[in-house]
Amino acid sequence: MGLRLRVPQKTSPRSPSYLLLCLLAISFFSFTALLLYKVDDFIAQTKTLAGHNLEPTPWHIFPRKSFSEASRRSQAYRILQCSYFSCPYKPVIEPKSLRSDSSSGRRTQQPQCPDVFRWIQRDLEPWGETGVTKEHVEKAKENAAFRVVILSGKLYVDLYYACVQSRMMFTVWGFLQLLNKYPGMVPDVDMMFDCMDKPIINRTEPQSFPAPLFRYCTNEAHLDIPFPDWSFWGWSETNLRPWDEEFGDIKQGSKRSSWGSKQPRAYWKGNPDVVSPIRMELMKCNHSRLWGAQIMRQNWAEEAKGGFEQSKLSNQCNHRYKIYAEGYAWSVSLKYIMSCGSMTLIISPEYEDFFSRGLLPKENYWPVSPTDLCRSIKFAVDWGNANPSDAEGIGKRGQAYMESISMNRVYDYMFHLITEYSKLQKFKPQKPYSAKEVCEGSLLCFAEQKERDLLERSRVAPSMDRPCTLPDEDRNILERLIQQKKKTIEDVRNMEMTRTERGSR
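Criteria and cut-off values
Residues numbered from 1 in each chain as written. Predicted model: local features only at pLDDT ≥ 70, side-chain atom pairs only at ≥ 80, totals over all residues. Heavy atoms only, no water. Helix = DSSP H or I, 4+ residues; strand = E, 2+ residues; numbered from the N terminus. Buried < 20%, exposed > 50% of the residue type's maximum accessible area, 1.4 Å probe, protein only. Contact = heavy atoms within 4.5 Å. Areas by Shrake-Rupley, 256 points an atom, 1.4 Å probe, with all protein chains shown as cover. Axes fitted to C-alpha atoms, helices over the stretch in contact; angles between N-to-C directions. Parallel < 35°, antiparallel > 145°, perpendicular 65-115°, else oblique. Left-handed = near helix turned anticlockwise from the far one by under 90°. Nonpolar A, V, L, I, M, F, W, Y, C, P; charged D, E, K, R; others polar. Pairing = 2+ DSSP bridges. Patch = residues over 30% accessible without salt bridge, like charges linked within 9 Å, V, L, I, M, F, W, Y side chains within 5 Å. Salt bridge = Lys/Arg side-chain N within 4 Å of Asp/Glu carboxyl O. Core = buried A, V, L, I, M, F, W, Y, C linked by side-chain atoms within 4.5 Å. Phe/Tyr/Trp six-rings, centres within 6.5 Å; stacked < 30°, edge-to-face > 60°. Lys NZ or Arg CZ within 6 Å of the ring centre and 35° of its normal. Arc of directions from axis to C-beta. Disulfide = S-S within 2.5 Å.

K.L.:
Mind showing me how you'd approach the overall build of the chain here?
P.N.:
Check the secondary structure of the chain and you find 16 helices and eleven strands. Taking all 505 residues of the chain together, 51% fall into the buried category. If you take every contact in the chain between residues at least 6 apart in sequence, the share linking residues at least 24 apart comes to 75%. Of the accessible surface of the chain, which amounts to about 25300 Å², a share of 53% is contributed by carbon and sulfur atoms.

Next comes the structure, spelled out in structure tokens:
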């Protein structure tokens with residue numbers, strides 16, 4: 001029997017196309033995973049005006065902001081869309097001379113700016129001789145939350161730290177509206193800005209090298225440059241509308257009752273839990289008969305739950321006297337308190353914003369001493385009730401002063417401050433590498449619905465008028481006002497002491 005040899009069957013090799021498809025699939029998924037990782041990493045490093053990927057300022061710690069996006073993917077899409085795809089192309093606008101108005105259609109006759117604008121030159125005096133160099137600006141960066149650079153009518157913002165609530169967003173919106181109002185007129189500029197409360201640049205710094213830092217308030221011991229605060233465009237967390245709208249409503253509310261029918265005592269409603277010794281002391285004065293004062297605690301969390309029904313400012317003009325007490329530092333509440341037309345009792349402030357330096361004691365407010373606070377409030381109330389026409393006049397002049405600080409004047413102050421500061425620059429501003437262009441579209445893209453509503457209500461159109469005319473620099477005028485203010489406050493203190501001495505006999 002012979003052996004049969006089995007010849008092995010030839011098997012066809014796998015086709016090259018099958019291997020190629022596998023290789024392509026693996027490559028695709030690897031590339032996709034790498035891309036997603038890179039995008040995720042890129043998004044995690046992209047800082048935004050809403051506060052994404054920003055730590056609180058080291059000099060004023062506060063809780064990090066939480067965001068409402070349902071997922072990390074939706075948050076990433078929003079950051080990409082708003083940061084890189086929301087600003088349409090806009091032609092470069094070269095800054096124009098203020099003298100070339102005939103071709104622009106602007107009306108050339110404008111009134112002189114209010115006297116409070118004289119503080120602009122005084123605020124910038126520390127850099128009058130040296131100018132502002134790149135080194136000055138870099139030094140200011142050490143205490144800045146963000147940097148604002150304006151180049152040919154475009155706004156660029158470099159973000160360093162987060163700001164409390166929506167301050168940064170509303171402040172930057174103010175810059176955008178200034179560029180809208182005066183297109184082609186705002187000069188190129190490079191500014192460092194901090195959005196927290198207390199000034200930080202000590203006047204004792206070497207006079208040859210002070211850091212030019214902008215913020216919302218200042219005082220005699222510091223060189224921080226005051227700039228209009230965010231609430232002029234609205235404050236979503238406390239339900240405050242843009243300034244012109246809010247002022248008009250408060251003034252209307254003040255007319256509901258005559259001076260004689262208003263409650264003849266002092267009123268304050270606010271939050272004392274803001275590391276404010278003066279507000280905590282003020283809480284002890286809540287006694288209508290003993291101190292002539294009604295002091296009420298404001299709980300903003302509860303107000304938000306109730307739709308802010310109990311905190312409407314136009315409903316808080318029913319007293320002849322209203323008290324202003326600073327918070328952690330200065331407080332935005334001053335402008336709303338003075339808008340009521342009641343006689344404002346200002347507890348000797350440590351800080352000042354840009355407009356409060358134009359106030360004069362016994363002219364448009366009454367000064368209250370923080371020493372023996374309750375007794376000082378009682379003296380002011382008794383004086384006002386004994387001199388009703390004088391007290392009413394002080395209240396009305398205070399309201400008129402706040403009416404003069406309209407949004408038109410706020411923009412004019414911003415314009416002149418930026419213009420005078422730009423004249424001191426010893427370098428040509430350039431866009432920082434990490435800065436991003438900000439336009440209305442990109443900012444509104446990040447805004448929550450309530451923020452968007454307020455921002456859009458404060459949008460402005462190009463003005464047919466030039467800014468008001470900056471007064472000539474005259475340091476003597478300011479010095480006289482400062483001395484007059486000190487003397488009047490001293491006179492009021494002497495009146496209080498005389499009454500106290502008589503009462504103790």
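K.L.:
What am I meant to see in the packing of helix α5 (residues 167-181) against helix α15 (residues 449-457) here?
P.N.:
The geometry of a pair of packed helices is captured by two quantities: the angle between their axes and the separation between those axes. Packing of α5 against α15 brings their axes to within 11 Å, and their N-to-C directions diverge by 20 degrees. Classed by the angle they form, the pair α5 and α15 counts as roughly parallel. Regarding α5 and α15, the two cross each other, and that crossing is right-handed. Where α5 approaches α15, its residues M169, F170 and W173 are matched on the opposing element by E451, L454, L455 and E456. Partitioning the contact of α5 with α15 into residue classes produces five nonpolar, no polar and two charged.

K.L.:
Looking at this structure, I do not really get the sheet that holds strand β11 (residues 436-438). What am I missing?
P.N.:
Sheet strands pair via backbone hydrogen bonds, and the direction of the pair is either parallel or antiparallel. Pairing within the open sheet is mixed, and its six strands lie in the order β5-β4-β3-β1-β2-β11. Each end of this open sheet is capped by a strand with a single partner; those strands are β5 (225-226) and β11. Here three bridges tie strand β2 (residues 154-159) to β11, and the two strands are oriented antiparallel to one another. Residue pairing in the sheet places L155 in a bridge with V438 of β11. Contacting β1 (146-151), β2, β3 (189-193) and β11, α5 runs over the sheet at an angle of about 160 degrees to β2. The sheet strands contacting helix α13 (residues 407-424) are β3, β4 (213-215) and β5, and the helix crosses β3 at an angle near 110 degrees.

K.L.:
Looking at this structure, how should I read a nonpolar patch on the surface?
P.N.:
On the surface, L20, L21, L23 and L24 cluster together to form a nonpolar patch covering roughly 420 Å² of accessible area. The residue L21 is located in helix α1 (residues 16-45) in this model.

K.L.:
Quick question: what am I supposed to make of the pattern of salt bridges here?
P.N.:
Tallying each qualifying case throughout the model produces 31 salt bridges. With its nearest N and O atoms 2.8 Å apart, the salt bridge here joins R147 to D190. Here R147 is found in strand β1, whereas its partner D190 is found in strand β3, with 43 residues between them in sequence. The burial state of R147 is the same as that of D190; both residues are buried. Among the ionic pairs, R459 bridges to E440, the shortest N-O distance being 2.8 Å.

K.L.:
Looking at this structure, how should I read the nonpolar core?
P.N.:
One broad rule of soluble globular proteins: the nonpolar side chains tend to lie buried together. Residues F146, L155, V172, F175, F227, W233 and L443 are the most contacted members of the largest nonpolar core, which totals 107 residues. Per-element tally for this core: the top contributor is α13, with ten residues. Setting aside its immediate chain neighbours within four residues, F175 contacts V148, I150, L155, M191, F193, F227, M414 and I418. In this structure, W268, I347, W366 and A391 belong to the second largest nonpolar core, which totals 27 residues.

K.L.:
Sorry if this is basic, but what is going on with the packing of aromatic side chains here?
P.N.:
Centre-to-centre distance and the angle between the planes together describe a pair of aromatic rings. On inspection of all chains with the given rule, the structure shows 25 aromatic pairs. By way of ring pairs, the aromatic residues F117, F232, W233, W243, F247, Y336, F354, F355, Y411 and Y413 are connected into one cluster. Above the plane of the ring of Y328 lies K198, whose end atom (NZ or CZ) is 4.4 Å from the centre.

K.L.:
Looking at this structure, how should I read the environment of H136?
P.N.:
Among the secondary structure elements, H136 is positioned in helix α4 (residues 134-140). Judged by relative accessible area, which is 2%, H136 ranks as buried. In sequence terms H136 and P210 are 74 residues apart; their C-alpha atoms lie 7.1 Å from each other.

K.L.:
I'm lost on the pairing of β3 in this one. Help?
P.N.:
The two faces of the sheet receive side chains in turn, since in a regular strand these alternate between them. Of all five residues that make up β3, five are buried, and the element is covered over most of its length. Side chains V189, M191 and F193 of β3 all project onto a buried face; the interleaved residues D190 and M192 project onto the opposite face, where all are buried too. Sheet analysis places β1 next to β3, joined by five bridges and oriented antiparallel. When the bridges of β3 are listed, V149 appears paired with D190.

K.L.:
It is not clear to me how α15 should be interpreted in this structure. Could you clarify?
P.N.:
Because an α-helix completes one turn every 3.6 residues, residues spaced three or four positions apart along the sequence face the same direction. Buried within α15 are the following residues: E451, L454 and L455. Seen end-on, α15 carries its buried residues on one side only, within an arc spanning 100 degrees.

K.L.:
Can you walk me through the state of the cysteines in this structure?
P.N.:
What we call a disulfide is simply a covalent bond connecting the sulfur atoms of a pair of cysteines. What the rule picks out here adds up to six disulfides. With its sulfur 2.2 Å from that of its partner, C87 forms a disulfide with C439. Disulfide C87 to C439: torsion about the S-S bond roughly -105 degrees, handedness left-handed. A residue pair is termed long-range when its members are at least 10 positions apart, and C87 in the loop between α2 (72-84) and α3 (119-123) and C439 in the loop between β11 and α14 (440-446) qualify at 352 residues. Note on C439: relative accessible area 13%, which makes it buried. Numbered in order of appearance, the disulfide-bonded cysteines of the chain are paired 1-11, 2-10, 3-12, 4-5, 6-9, 7-8.

K.L.:
Would you mind going over unusual backbone geometry with me for this structure?
P.N.:
Leaving glycine aside, a negative phi is the common case for residues, and trans is the common case for peptide bonds. With a phi close to 55 degrees, V275 is a non-glycine residue in the positive phi region. If you trace the backbone, V275 turns up in the loop between β6 (263-270) and α7 (277-282). Unusually for a residue other than glycine, D372 sits at a positive phi of about 55 degrees. Tracing the backbone through its elements, the reader meets D372 in the loop between β10 (366-368) and α11 (373-386).

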